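Here is how the chains run, residue by residue.
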Amino acid sequence: MKLKKIILWLFVIVVALVGIKYYVQRYAFPYKHEDVINKYSKEYNLDPLFVLSIIKAESKFDSNAKSHKDAYGLMQITDSTGEWIASQMKIKNFSENMLYDEETNIKMGCWYLNNLHKEFGDKDLVIAAYNAGRGNVNKWLKDNEYSKDGENIHYIPFPETKNYVDKVNIYYKIYKYLYS
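A. Structural context of helix 2 (residues 34-43). Among all positions in helix 2, only V36, I37, Y40 and S41 are buried. For helix 2, the arc enclosing every buried residue in end-on projection is 120 degrees, short of the 170-degree limit, so these residues lie on one face. In helix 2, the exposed positions that point more than 90 degrees away from the buried face belong to D35 and K42. On its buried face, helix 2 is in contact with helix 3 (48-59) and helix 5 (102-120). At the C-terminal side of helix 2, N45 shows a positive phi close to 55 degrees.

Here it is in structure tokens:
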């Protein structure tokens, strides 16, 4: 009788854990736009779980998101950055409305992340540059107050960017746990 109770409790615990993981995957950390994210992550040599983490931090998967800084779509690309990316990617007739298109936004965001990775190499620097701009990150790397070696930032002077880097890294760890 005692063995049956133990087995029953173990079964209940396993079912509860599976249910929690299912809920978290489905509602808190979904893998939305999987085909598009996988396609452009592969094309631009990115970890799709990293791209998911950026999208979760930027828009929480709202393709119609618009920030107070006029950033648009899933990956929150500003109009000026979008114009620059479009010119680099040879996209003709770029308009701000294109940033609301999920596939275009993800493609441009992945291209941009790859471009930042080529410049900085380090994931945290890429995340910081995605949020604060590459110019700010390059300034910080040249300043002994923020970078001791010119290659890593030991102090991010923008609290919003520091919080953003931390948030994306936490999301990335969660995505890796759930989907790896």
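B. Highlighting a nonpolar patch on the surface. Taken together, the side chains of I6, L10 and I13 define a hydrophobic patch exposed on the protein surface, amounting to about 280 Å² of accessible area. Inspection of the secondary structure puts I13 in helix 1 (residues 2-28). A relative accessible area of 44% places I13 in the partly exposed class.

C. Geometry of helix 5. In a regular helix each residue adds 1.5 Å, so 19 residues correspond to 27 Å; helix 5 covers 26 Å between its end C-alpha atoms and thus fits that length. Three or more residues of helix 5 are buried, namely N105, I106, M108, G109, C110, W111, Y112, L113, N114, N115, L116 and F120. Within two residues after helix 5, G121 carries a phi angle of roughly 75 degrees, on the positive side.

D. Expanded view of the packing of helix 6 (residues 123-132) against helix 8 (residues 159-179). Following both chains from N to C, one finds helix 6 and helix 8 inclined at 125 degrees, their axes separated by 9 Å at the closest point. Accordingly, the angle class assigned to the pair helix 6 and helix 8 is oblique. Considering only the axes of helix 6 and helix 8, their crossing is right-handed. For the pair formed by helix 6 and helix 8, the contact residues are K123, D124, I127, A128, Y130, N131 and A132 on the first element and E160, T161, Y164, V165, V168, N169 and Y172 on the second. Along the lines of polarity and charge, the residues of the contact of helix 6 with helix 8 split into eight nonpolar, three polar and three charged.

What counts, and at which threshold
- Residues numbered from 1 in each chain as written.
- Predicted model: local features only at pLDDT ≥ 70, side-chain atom pairs only at ≥ 80, totals over all residues.
- Heavy atoms only, no water.
- Buried < 20%, exposed > 50% of the residue type's maximum accessible area, 1.4 Å probe, protein only.
- Helix = DSSP H or I, 4+ residues; strand = E, 2+ residues; numbered from the N terminus.
- Arc of directions from axis to C-beta.
- Contact = heavy atoms within 4.5 Å.
- Patch = residues over 30% accessible without salt bridge, like charges linked within 9 Å, V, L, I, M, F, W, Y side chains within 5 Å.
- Areas by Shrake-Rupley, 256 points an atom, 1.4 Å probe, with all protein chains shown as cover.
- Salt bridge = Lys/Arg side-chain N within 4 Å of Asp/Glu carboxyl O.
- Expected span 1.5 Å × (residues − 1).
- Axes fitted to C-alpha atoms, helices over the stretch in contact; angles between N-to-C directions.
- Parallel < 35°, antiparallel > 145°, perpendicular 65-115°, else oblique.
- Left-handed = near helix turned anticlockwise from the far one by under 90°.
- Nonpolar A, V, L, I, M, F, W, Y, C, P; charged D, E, K, R; others polar.

The values reported here are purely geometric and, on their own, carry no functional implication.
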